[in-house]
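Letter by letter, the chains look like this.
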Amino acid sequence: KVLLDEKNLQNSQVELSAEAASIDTNNADRDKHLKGAEFLDAEKFPEIKFKSSKITKAGKGYKVQGELTIRGVTKPVTLDAVLSEAVTNPWGKQVRAAKITGAIKRQDYGMTWSKMMDKGGAVVGETVTFDIKLELNK
């Protein structure tokens with residue numbers, strides 16, 4: 001759900017959710033591990049949620065501050081958002097493209113599993129990046 005009032009950003013709001021079990025990295029074994037208790041624990045915590053608390057203009061885009069909940073842990077985060085101009089699609093509806101990006105430390109959300117590779121370096125990095133692309137319908 002995205003409500004955008006560009007004239008008065010205080011009236012704007014962003015709420016996003018995703019099913020933790022919907023993760024798809026194009027590798028079934030890795031997906032099973034990520035859905036499991038060492039990472040997302042999708043069975044116990046089926047939903048990942050974000051709810052904005054403040055949206056501010058930032059250059060050509062926006063800073064979206066809010067609360068991100070993963071594995072039952074809620075932390076404040078700031079995401080970057082960019083919106084296209086509104087266009088009318090072939091079905092006569094006004095739409096806009098939105099891109100939301102950001103990063104978190106996975107350990108902050110209880111995902112502490114770690115393993116080192118044979119020649120050094122971690123199998124899984126500490127930082128998880130978000131690159132969310134949406135089409136908004138008016």
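Attention here is on the structure that accompanies the text. This is a predicted model, so every value here is computed, not measured. (Residues numbered from 1 in each chain as written. Predicted model: local features only at pLDDT ≥ 70, side-chain atom pairs only at ≥ 80, totals over all residues. Heavy atoms only, no water.)

1. So, the layout of surface pockets
(1) Moving on: The space that makes up the largest pocket amounts to roughly 690 Å³.
(2) Moving on: Along the wall of the largest pocket there are 31 residues; nearest its centre are L40, I48, I70, V128 and F130.
(3) Moving on: Counting only elements with at least two residues in the lining of the largest pocket, the list comes to β2 (13-19), α1 (28-35), β3 (47-58), β4 (61-70), β5 (73-83) and β8 (127-137).
(4) Moving on: Examining the composition of the lining of the largest pocket, we find that seven residues originate from one element, β8, more than from any other.
(5) Moving on: For the lining of the largest pocket, the residue count by class is 20 nonpolar, six polar and five charged.
(6) Moving on: What the second largest pocket holds in volume is close to 310 Å³. (1 Å grid on protein atoms, 1.4 Å probe; cavity = no way out; pocket = protein on both sides within 12 Å on 5 of 7 lines; lining within 4 Å. Points joined across faces, edges and corners; volume = space filled by probe spheres on them. Helix = DSSP H or I, 4+ residues; strand = E, 2+ residues; numbered from the N terminus. Nonpolar A, V, L, I, M, F, W, Y, C, P; charged D, E, K, R; others polar.)

2. What about unusual backbone geometry?
(1) Moving on: The backbone of N26 sits at a positive phi, close to 70 degrees, despite the residue not being glycine.
(2) Moving on: Note on placement: N26 falls in the loop between β2 and α1.
(3) Moving on: Given a relative accessible area of 73%, N26 falls into the exposed group.
(4) Moving on: Even without being a glycine, D41 presents a positive backbone phi close to 50 degrees.
(5) Moving on: Along the polypeptide, D41 turns up in the loop between α1 and β3.
(6) Moving on: Look at D41 and you get buried, because its relative accessible area is 15%. (Buried < 20%, exposed > 50% of the residue type's maximum accessible area, 1.4 Å probe, protein only.)

3. Some thoughts on the pattern of salt bridges
(1) Moving on: In total, this model carries five salt bridges according to the counting rule given.
(2) Moving on: The closest approach of N and O atoms between K99 and D131, which form a salt bridge, is 3.8 Å. Placement of the pair is K99 in strand β7 (residues 94-105) and D131 in strand β8, with a sequence separation of 32 residues.
(3) Moving on: In this structure D131 comes out as partly exposed when scored by relative accessible area, which is 45%. (Salt bridge = Lys/Arg side-chain N within 4 Å of Asp/Glu carboxyl O.)

4. Brief notes about the pairing of β3
(1) Moving on: Note that β2 and β3 share five bridges and pair antiparallel. Each residue of the ladder has a partner; that of A18, found in β3, is I48.
(2) Moving on: Of the strand pairs in this sheet, β3 and β4 are connected by nine bridges, and their pairing is antiparallel. Counted as the bridge partner of K49 is T69 from β4.
(3) Moving on: Hairpin connection of β3 to β4: two residues between the antiparallel strands, including G59 at a positive phi of 65 degrees. (Pairing = 2+ DSSP bridges.)

5. Concerning empty space enclosed by the protein
Sizing a probe to match a water molecule and rolling it over the atoms shows the empty space that remains.
(1) Moving on: Under the counting rule described, the total for this entry stands at one cavity of 30 Å³ or more.
(2) Moving on: Its volume calculated, the largest cavity comes out at about 130 Å³.
(3) Moving on: Taken together, 13 residues form the lining of the largest cavity, with V2, V14, V64, A81 and L83 sitting closest to its centre.
(4) Moving on: The set of elements that each furnish at least two residues to the lining of the largest cavity consists of β1 (2-3), β4, β5, β7 and β8.
(5) Moving on: Looking at the lining of the largest cavity residue by residue, the classes come out as 13 nonpolar, no polar and no charged.

By themselves, these are just geometric observations and shouldn't be taken as functional.
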